[in-house]
Amino acid sequence: MATQPTRITDIGPPNYEQFLHPVIKKNYGKWKYHESLAPGVLCHVSETGERIYTVRAGSSRLLSIQTIRVYADLADKYSGGYLRFTSRNNVEFLLDNPDNIEPLKKDLAAAGFPVGGTQNAISNIVHTQGWVHCHSSATDASGIVKAVMDALCDRFTQQNLPAKLRIALACCLNMCGAVHCSDIAILGIHRRAPKVNHDNLKKVCEIPTVIASCPTGAIRSATVDGKPSVEVIEAQCMYCGNCYTVCPAMPLNDPENDGLSIWVGGKVSNARSAPRFSKLAIPFIPNNPPRWPEVVKAVVNIVEVYARNARKYERVGEWIDRIGWPKFFELTGIEFTRYHIDDFKNAGLTYARSTHLKF
Ligand code: SF4
Ligand code: SF4
């Protein structure tokens, strides 16, 4: 592979090249094709004839030191210490000896990690920080994903869907979890504007910064009880939480009105059709921890209806395109409401979102 320029500082991450499996390093840029040997097991073949085997397992996403040590020990035992994490939080062991595949799968099963997520299966669900970590979350992340994946684990370990199915969760509409481009997306939503704590605002926030933080211009300066503060024009607020991020005196969380919405039909791939954004399926489901049964039921319903009705290789969005949205609502039994009518004027339809060229 091409020699990397010598680094003159230690700023930034170390060069990834030093962490590549020797077979990958040797065959960099020379991979010819790959094949699926079993659910969760891939084989990549190089022009030189060399092969690298991948065993993919679901991870618990928020990883304890103990879990990472389990992965590291398994990698030392079977894959020369080489593993990687995918963008959807699967852990992948990279093996050059196919004899190690079955023993590794056995040890992963014994440790409680299912192997799967490749080809026409559900991959691990990528999610954001949730109540564990982020101040602006409207819902939890890992808790809901655990409940949904428990119900859909067989769809991870078996390849029995029409096509690959990607599910994502973001705990607010800032969408660190890329829910806008997944087949099924679970999205936390706020439904009330931030409440301004006028007593604290001037002590902990800079008013010009707070006003500038609002993407819709919903925040104006105001004088309240003789003190400089701000007010929020509620009709202009889209509940994004940006102001709360720069100003702790503008909390957005609301136990009664925060909850989740479900979106469908997004994808990143440009195979067969261009990448597309997800669209609204269910506008609101209240938070119901610790197992969110209503969310689990809604997601499983969409997966099962898709599995029964889509054609081979059709992603969720492509299936809906073929049958039409009215049929989607009819088949899934989801109620169509006024919230489904998209009256937001933007350039979303004209932005180039793919590598396809228009002439
Ligand atoms: Fe925080 Fe929103 Fe990202 Fe969740 S999606 S981690 S609430 S910014
Ligand atoms: Fe503006 Fe977002 Fe704050 Fe609403 S939540 S006032 S849109 S920054």
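Owing to the predicted nature of the structure, the values given are computational and were not obtained by experimental measurement.

(A) Structural detail: the site of ligand 2. In the vicinity of ligand 2 there are 13 residues, among which Cys214, Cys237, Cys240, Gly241 and Cys243 approach most closely. Its residues assigned to classes, the shell around ligand 2 comprises 10 nonpolar, 3 polar and no charged.

(B) Region of the structure containing helix H4 (residues 142–157). The end-to-end C-alpha separation of H4 is 20 Å, well short of the 22 Å expected for 16 residues at 1.5 Å each. Most pronounced at alanine 151, the bend in H4 amounts to some 60°. What H4 keeps buried is the set Ser142, Gly143, Ile144, Val145, Ala147, Val148, Met149, Leu152, Arg155 and Phe156.

(C) Molecular detail of the packing of helix H2 (residues 65–78) against helix H3 (residues 101–110). Close contact between H2 and H3 brings their axes to 11 Å; oriented N to C, the two are set at 165°. Between H2 and H3, the angle falls in the class roughly antiparallel. Read as a crossing pair, H2 and H3 show a hand that is right-handed. Only Pro103, Leu104, Asp107 and Leu108 of H3 make contact with H2, whose side of the interface consists of Leu74, Lys77 and Tyr78. Within the contact of H2 with H3, the residues separate by chemical class into 5 nonpolar, no polar and 2 charged.

(D) Representation of the packing of helix H9 (residues 316–323) against helix H10 (residues 325–332) in the model. Across the interface, H9 lies against H10 with an axial gap of 6 Å and an inter-helix angle of 110°. Put simply, H9 runs roughly perpendicular to H10. Here Trp319, Ile320 and Ile323 of H9 lie close against H10, whose contacting residues are Trp325, Lys327, Phe328 and Leu331. When its residues are assigned to classes, the contact of H9 with H10 shows 6 nonpolar, no polar and 1 charged.

(E) Examining the pattern of salt bridges more closely. Within this structure, the stated rule accounts for 16 salt bridges. Among the salt bridges present, the one from arginine 315 reaches aspartate 183, with a minimum N-O distance of 2.9 Å. Placement of the pair is arginine 315 in the loop between helix H8 (293–309) and H9 and aspartate 183 in the loop between strand E7 (167–170) and strand E8 (184–189), with a sequence separation of 132 residues. For aspartate 183, a relative accessible area of 0% gives the class buried. Members of the salt-bridge network, linked through shared partners, are Arg56, Arg84 and Glu92.

(F) Representation of the state of the cysteines. Throughout the structure, instances matching the rule amount to 1 disulfide. Disulfide pairing is shown between cysteine 205 and cysteine 247; the S-S distance is 2.0 Å. Between cysteine 205 and cysteine 247 the sulfur-sulfur dihedral comes to about 75°; the bridge is accordingly right-handed. Pair noted here: cysteine 205 is in the loop between helix H5 (198–204) and helix H6 (207–212) and cysteine 247 is in the loop between helix H7 (242–246) and strand E11 (259–264), with a separation of 42 residues, a long-range link. Summarising the burial analysis for this pair, cysteine 205 and cysteine 247 share the class buried.

Analysis parameters
- Residues numbered from 1 in each chain as written.
- Chains lettered and ligands numbered in written order.
- Predicted model: local features only at pLDDT ≥ 70, side-chain atom pairs only at ≥ 80, totals over all residues.
- Heavy atoms only, no water.
- Near = heavy atom within 4 Å.
- Nonpolar A, V, L, I, M, F, W, Y, C, P; charged D, E, K, R; others polar.
- Helix = DSSP H or I, 4+ residues; strand = E, 2+ residues; numbered from the N terminus.
- Expected span 1.5 Å × (residues − 1).
- Bend = angle between axes of the 7 residues up to and from the residue.
- Buried < 20%, exposed > 50% of the residue type's maximum accessible area, 1.4 Å probe, protein only.
- Axes fitted to C-alpha atoms, helices over the stretch in contact; angles between N-to-C directions.
- Parallel < 35°, antiparallel > 145°, perpendicular 65-115°, else oblique.
- Left-handed = near helix turned anticlockwise from the far one by under 90°.
- Contact = heavy atoms within 4.5 Å.
- Salt bridge = Lys/Arg side-chain N within 4 Å of Asp/Glu carboxyl O.
- Disulfide = S-S within 2.5 Å.

These figures come from the coordinates and say nothing about function on their own.
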